[in-house]
Every structure is written in structure tokens, then in C-alpha cells.
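An overview of the molecular structure
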Amino acid sequence: DPVALLKAVKNPTEISGTRNAHKRDGAALTRFLAWIDREAPGGALTEIDAVEALESFRRETGALKDVSFPTIAGAGPNGAIVHYRVTRKTNRRIAAGDLLLIDSGAQYEDGTTDVTRTIAIGEPTPEMRDRFTRVLRGHIAISRAVFPDGTTGAQIDTLARQFLWHAGIDFDHGTGHGVGSYLSVHEGPARISKLGTVPLKRGMILSNEPGYYKTGAYGIRTENLVLVVAADAPAGAEKPLKAFETRAPRPIDRGMDPP
């Protein structure tokens, strides 16, 4: 469908709108992260509590139309289930020593958001710190990439995995998907993945979300949305260059820093 590619390249109004949406959403998520930091160590919160609290902070903006997909809130081993959805039956109490993975998004009239954070509840293990750092290094590598016209998502994908590969580990989902403008949070045809064959064009919005999942133990993912923009070309460059502009970065948990 030729319309899909045209829709994936956002116009100036959509780009301006998504900047405003992410600033608003970033403030709501920051309030949520501060709330988790205060309340979770007490041991009374559950995954459902986290889901409901995050939506309430977004509703307090006065602009929320709906969540862009059901929030993933996975504590401990539930965080290792990539597409986990909490139910009353699976609802887990958030305990000291857990990693809490929160993947969520919102629909506003001026834009669509999708963001993931991993939060240490109490003291993380050395292995957790190592895996978190490798994921974050891959995330930063994507965000700082500069690439010529014609580059596909498959060519970019390796940048996110390189630090995990050095340790003999990987993740089994794509690094990023296209995102709509007050439309589908998963929008084709562009993506950053091993199967991403569509060249990335200026104006596309994609996710940057490498992760690591240890079955039965914990999950880690760090996600921001990025906008493909023109990059300054150095003297002697033979092709136009592009880069990624990160949409309103939110705080990343410093509790996972190396000791």
C-alpha cells in the first residue's frame, strides 16, 4: 500500500504535535517514577497498582484520550515475559530485589507516545547492573547513530545488540517499530529490526527499545521514541546524512549504575 509509507513520514504539524505530546507525557511519567521511588520500597504495591497509578498521572494532564496499548508492568520474573499483561490472577507484589519493567504509552490528539523504563526496587545484583548497562549502551548507540540516505532498519539494528553480543546474550524482538501520530502505536512499514528492509526517511518516528530477559528472573528494556532528522554532513561527505532526535527523554533509573 503506497499510502503506508506516505503516512509514516510525518508532516511539520505532526512533528510539532508529537514534541508537545512527549513533553506532557514525560512530565506524567516523571511524576510516576517519583511515586514508585517513594512507595515501592514499602512492599505494599502490586503490578496493578503501578498500572493504575501511571494512567492516573496521565489523566491528570487533562489531555489524555486513552492509553496507546495495555500497560506492561512486570515485576521480577513477570518482567521476563516480553508481552506480559497483568491480570488479577497473575498480579504480583513488587518486592525488594525485583526489577520492575514498565512499558506504556498514551494517545493525545497531538501525538502518540510509547516509553519503557526498568526500575530497581532495592539493591540490584551485579548481573542485573551489567545487563542493564549493556542494554543502555545499545540504546545510546542507536540514539547517537549517523547514517547515509538509503540506510535500512536492519543495518541500524546491530548497533543496539553489540554490547549484549559481547557477553554472548541477545534479545528476541525487534529494536524498534514505527509509531503513528494519534494513530497506531505500531505503524509500518519502517522498523529497526533484523527484518527491517525499508530505508529510514526524515520525518519517520520509531521506537528505540533494546532489552534483555532472563526467564524466571527479570526483564530489562529501555525505550524512547526517536524522530529521523537531517544530520550535518562533514566536509567531503558524498551522501546526505540522517540522525535520530530523541523525543523528550525521561529519567533513567540511576539505581542500576555500577557501584
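Everything below is about the structure printed above this text.
Overview of the structure. From a predicted model like this one, the values you see are computed outputs, not experimental measurements.

**Some points on the side chain of R134**
Residue placement: R134 occurs in helix α4 (residues 126–143). At 2.8 Å, the side chain of R134 and the backbone oxygen of F163 are in polar contact. When neighbours within four sequence positions are excluded, R134 is seen to be in contact with F163, L164, H166 and A167.

**Considerations on the sheet that holds strand β4 (residues 106–108)**
Taken together, the three strands give an open sheet; going across it, the order is β1-β4-β5, and neighbouring strands pair in antiparallel fashion. Whereas interior strands pair on both sides, the edge strands pair on one side only; in this sheet they are β1 (66–67) and β5 (111–112). Both β4 and β5 contribute to a ladder of two bridges, which runs antiparallel. When the sheet's bridge partners are listed, Q107 is paired in β5 with T112.

**Overview of empty space enclosed by the protein**
Going through the model one piece at a time under the given rule, you end up with one cavity of 30 Å³ or more. Its volume calculated, the largest cavity comes out at about 40 Å³. Contributing to the lining of the largest cavity are A8, K10, G178, V179, E187, G188, A190, M204, I205 and L206. At the level of elements, β9 (187–192) and β10 (205–208) are the ones that each hand at least two residues to the lining of the largest cavity. Taken together, the residues that form the lining of the largest cavity break down as six nonpolar, two polar and two charged.

**Examining the environment of K23**
Here K23 is to be found in helix α2 (residues 12–39). For K23 and A248, which are 225 residues apart along the polypeptide, the C-alpha to C-alpha distance reads 5.7 Å.

**Quick notes on helix α5 (residues 153–165)**
Helix length check: α5 (13 residues) gives 18 Å between terminal C-alpha atoms against 18 Å at 1.5 Å per residue, within 8%. G153, I156, D157, A160, R161, F163 and L164 are the residues of α5 that are buried. Contacts made by the buried residues of α5 are with α4, β7 (146–148), β9, β11 (211–214) and β14 (241–246).

So, how was this worked out
Residues numbered from 1 in each chain as written. Predicted model: local features only at pLDDT ≥ 70, side-chain atom pairs only at ≥ 80, totals over all residues. Heavy atoms only, no water. Helix = DSSP H or I, 4+ residues; strand = E, 2+ residues; numbered from the N terminus. Polar contact = N/O pair within 3.5 Å; in protein donor to acceptor, adjacent residues only side chain to side chain. Contact = heavy atoms within 4.5 Å. Pairing = 2+ DSSP bridges. 1 Å grid on protein atoms, 1.4 Å probe; cavity = no way out; pocket = protein on both sides within 12 Å on 5 of 7 lines; lining within 4 Å. Points joined across faces, edges and corners; volume = space filled by probe spheres on them. Nonpolar A, V, L, I, M, F, W, Y, C, P; charged D, E, K, R; others polar. Expected span 1.5 Å × (residues − 1). Buried < 20%, exposed > 50% of the residue type's maximum accessible area, 1.4 Å probe, protein only.

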